[in-house]
Amino acid sequence: MNGPFTHRHPLDGAISANPGRSENHVTVLPEPMVLSVAALPGEEQAVAATLGGVSATALKAVGPGEWLVVLEKADLSLQRDIAERAGALALVTDQSSGRAVLRLQGPKARAILAKIVPLDLHPEAFAIGQSGNTLFAHVSANVGRIGEDEFEIVLMRSFALFAFQELMEMGLEFRLTAGFAT
Amino acid sequence: MASLITCPHCGSRPKEEFSIRGEVRSRPEPAAPFETWYRYVYVRDNPKGRQKEYWHHVLGCRRWLVVERDTLTHEVYGVTDAAAYRASEVKEAAE
Ligand SMILES: [Zn+2]
């Protein structure tokens, strides 16, 4: 079968068309930009310095010398800038079509997330701008705090549906709703 | 099982995030005698007590770590990045 490639989000069909919105809500980014930046051995500090232009909440810690840059929409000039400045010191790859990004927000966001991840989510232990790879239900995800009551979850595309369903189940008692960002 | 491991890169994490490779041992020289290689590949001390082990932080930073723990009491004495551990080992051997 031949045909043009059409973008299909892994949660298409999993979210109702008119979802409604309670104070606790999951916003699914329809077309986020996710770049992976992995420093070459010995270049970790130099690469970190080139990423100064990326906001603290968009820069996700993965491991030593390894980051994800996560934005709501493609930003080609930032992507070009990172590739130019870090390109010789790091491997920069566009992972946008391989990842899904969920934003969990609301007064009970922390309580819901605490049922799924083993991280200490107290603001003193996990402040705005902090992030890391961790166990999310049974799969791996990058979890970061992007606001006082807001967390961003970056997953492999193929885990998105499972993780989303798990999140919605944990949010049932708090009337958690979900919808695509508009 | 020690249930919380403090990864030098990620902080305190549950053991479910890791995969354990086993006892830390130094790889013999390629030309080492058969008996040395045999022991390296097949024979383990399996102590009841303190032991250094390789742990892989699979669901976190994906780095290999050296965890020193007590197999009997589950107490963890220290966690080091395996590359740093190896570098200090090489440095010690050279001194
Ligand atoms: Zn780690």
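Located above this text is the structure these notes cover.
Since this is a predicted model, take the numbers as computed values, not measurements. Residue numbers here run from 1 along each chain, matching the order of that chain's written sequence. Chain letters and ligand numbers both follow the written order, the letters beginning at A and the numbers at 1. Predicted model: local features are reported for residues with pLDDT of at least 70 only, side-chain atom pairs are reported and counted for 80 or more only, and whole-chain, interface and lining totals are derived from all residues. Here the side-chain values reflect all heavy atoms present in the structure, with hydrogen atoms and water set aside.

## Some points on helix α2 (residues 82-94) of chain B
In an α-helix there are 3.6 residues to a turn, and that puts residues three or four apart on one side.
Line of reasoning, step 1. Taking 1.5 Å per residue as the helical rise, α2 of chain B with its 13 residues ought to reach 18 Å, and the 18 Å between its terminal C-alpha atoms agrees with that figure.
Line of reasoning, step 2. Looking at where α2 of chain B begins, the residue whose side-chain oxygen comes 2.9 Å from the main-chain nitrogen of A83 of chain B is D81 of chain B. Only runs of H or I of at least four residues qualify as helices and only runs of E of at least two qualify as strands under DSSP, and these elements are numbered from the N terminus. How far a helix is expected to stretch is found by multiplying one less than its residue total by 1.5 Å. Definition of a polar contact: a pair of N or O atoms within 3.5 Å, with one able to donate and the other able to accept a hydrogen when the atoms are protein atoms, and with sequence-neighbouring residues admitted only if both atoms are side-chain atoms.

## Let's talk about the sheet that holds strand β9 (residues 150-156) of chain A
All names here are of chain A.
Line of reasoning, step 1. When DSSP finds two or more bridges between a pair of strands, those strands are recorded as paired. Across the sheet, which stays open at both edges, the 6 strands sit in the order β7-β8-β9-β6-β1-β10 with mixed pairing between neighbours. Two strands close off the open sheet at either side, each with one partner strand: β7 (131-136) and β10 (177-180). On average, each strand axis in the sheet is inclined to that of its neighbour by 25°, with strand direction left out of account.
Line of reasoning, step 2. Where strand β1 (residues 25-28) meets strand β6 (residues 99-105), 4 bridges bridge the pair, whose relative direction is antiparallel. By the bridge assignment, V28 is partnered in β6 with L102. Fitted lines through C-alpha atoms serve as axes, helices being fitted only where they are in contact, and the angles separating the N-to-C directions of these axes extend from 0 to 180 degrees.

## As for the environment of L161 of chain A
Residue and element names in this part refer to chain A.
Line of reasoning, step 1. Position of L161 relative to the elements: it lies in helix α4 (residues 160-170).
Line of reasoning, step 2. Sequence spacing of L161 and A100 is 61 residues, and the spatial spacing of their C-alpha atoms is 9.4 Å.
Line of reasoning, step 3. By definition, residues are in contact when any of their heavy atoms lie within 4.5 Å. Once residues within four sequence positions are removed from consideration, L161 is found in contact with L11 and A14.

## Concerning the coordination of the zinc ion
Each donor-metal-donor angle would ideally measure 109.5 degrees in four-coordinate tetrahedral geometry, or 90 or 180 degrees in six-coordinate octahedral geometry.
Residue and element names in this part refer to chain B.
Line of reasoning, step 1. Coordinating donors are taken to be N, O and S atoms lying within 2.8 Å of the metal, or within 3.2 Å when the metal is Na, K or Ca; because water is excluded from the atom set, some sites may appear incomplete. Coordination sphere of the zinc ion, protein contribution only: C7 (SG), C10 (SG), H57 (ND1) and C61 (SG), at 2.0 to 2.4 Å.
Line of reasoning, step 2. Coordination at the zinc ion comes from 4 donor atoms whose angles at the metal span 104 to 117°, giving a geometry best classed as tetrahedral.
Line of reasoning, step 3. Between the donor residues of the zinc ion, the gaps in sequence give the motif C-x2-C-x46-H-x3-C.
Line of reasoning, step 4. You can call C61 buried: its relative accessible area is 3%. Tetrahedral means four donors with every angle between 85 and 135 degrees, whereas square planar (four donors) and octahedral (six donors) require angles over 155 degrees between opposite donors and between 65 and 115 for all others; sites fitting neither are termed irregular. When accessible area is computed with a 1.4 Å probe and restricted to protein chains, residues below 20% of their type maximum are described as buried, those above 50% as exposed, and intermediate ones as partly exposed.

## Quick look at the interface of chain A and chain B
For interface size, the figure often reported is the accessible area lost on association.
Line of reasoning, step 1. Facing the 11 residues of chain A at the interface are 10 residues of chain B.
Line of reasoning, step 2. A simple way to read buried area is as the amount of 1.4 Å-probe accessible surface that goes missing from two parts once joined, with both sides added. Across the chain A/chain B interface, buried area totals approximately 830 Å², and carbon plus sulfur atoms make up 57% of it.
Line of reasoning, step 3. Contact with chain B buries area across many residues of chain A, yet P64, N133 and L135 of chain A alone supply 50% of it, more than any other trio.
Line of reasoning, step 4. Where E66 of chain A meets R62 of chain B, a salt bridge forms, and the shortest distance between an N and an O atom there is 2.8 Å.
Line of reasoning, step 5. At the boundary of chain A and chain B, one finds 7 residue pairs in polar contact (both at pLDDT 80 or more).
Line of reasoning, step 6. Among the elements of the structure, β3 (59-63) and β7 of chain A are those that each provide at least two residues to the side of chain A that touches chain B.
Line of reasoning, step 7. Looking at the side of chain A that touches chain B, the element that brings in the most residues is β7 of chain A, giving 4 residues. Here, a salt bridge means any Lys or Arg side-chain nitrogen found within 4 Å of an Asp or Glu carboxyl oxygen.

## Topic: the pattern of salt bridges
Line of reasoning, step 1. For the structure shown, the criterion picks out 12 salt bridges over all chains.
Line of reasoning, step 2. Measuring nitrogen to oxygen at the nearest pair gives 3.2 Å for the salt bridge that ties E72 of chain A to R103 of chain A. Note that E72 of chain A is positioned in the loop between β4 (66-71) and α2 (76-86) and R103 of chain A in strand β6, a separation of 31 residues in sequence.
Line of reasoning, step 3. Across the salt bridge formed by R86 of chain B and E89 of chain B, the nearest N and O atoms sit 2.9 Å from each other. In this pair, R86 of chain B and E89 of chain B are both assigned in helix α2, 3 residues apart and thus about one turn of the helix distant.
Line of reasoning, step 4. Connected via shared salt-bridge partners are K60, E72, R103 and E152 of chain A.

## Considerations on the nonpolar core
Residue and element names in this part refer to chain A.
Line of reasoning, step 1. Formed by 32 residues in total, the largest nonpolar core has its most connected members in V26, L104, L113, F136, I153 and L167.
Line of reasoning, step 2. Those elements giving two or more residues to this core turn out to be β1, β6, α3 (109-113), β8 (139-147), β9 and α4.
Line of reasoning, step 3. Those residues in contact with F136 that sit more than four places away from it in its chain are L113, I116, V117, A141, V143, I153, A163 and L167.
Line of reasoning, step 4. Buried Ala, Val, Leu, Ile, Met, Phe, Trp, Tyr and Cys residues that are joined via side-chain atoms within 4.5 Å together make up what is termed a nonpolar core. Among the nonpolar cores identified, the runner-up in size contains 16 residues, and A39, V54, W67 and A90 belong to it.

## Concerning the packing of aromatic side chains
Residue and element names in this part refer to chain B.
Line of reasoning, step 1. A pair of aromatic rings is counted whenever rings of Phe, Tyr or Trp (Trp by its six-membered ring) have centres within 6.5 Å, and the orientation is called stacked for planes under 30 degrees apart, edge-to-face for over 60 and tilted otherwise. Following the criterion strictly, the structure yields 5 aromatic pairs over all chains and no others.
Line of reasoning, step 2. On the basis of an interplanar angle of 85° and a centroid distance of 6.4 Å, the ring pair of Y54 and W64 is categorised as edge-to-face. Here W64 lies in strand β5 (residues 64-70) and Y54 lies in strand β4 (residues 50-56), a separation of 10 residues in the sequence.
Line of reasoning, step 3. Looking at W64, the relative accessible area reads 38%, which means it is partly exposed.
Line of reasoning, step 4. The ring of Y77 carries the charged tip of R50 above its face, separated from the ring centre by 3.7 Å. Placement of a positive charge over a ring is assigned whenever Lys NZ or Arg CZ falls within 6 Å of the ring centre and within 35 degrees of the normal to the ring plane.

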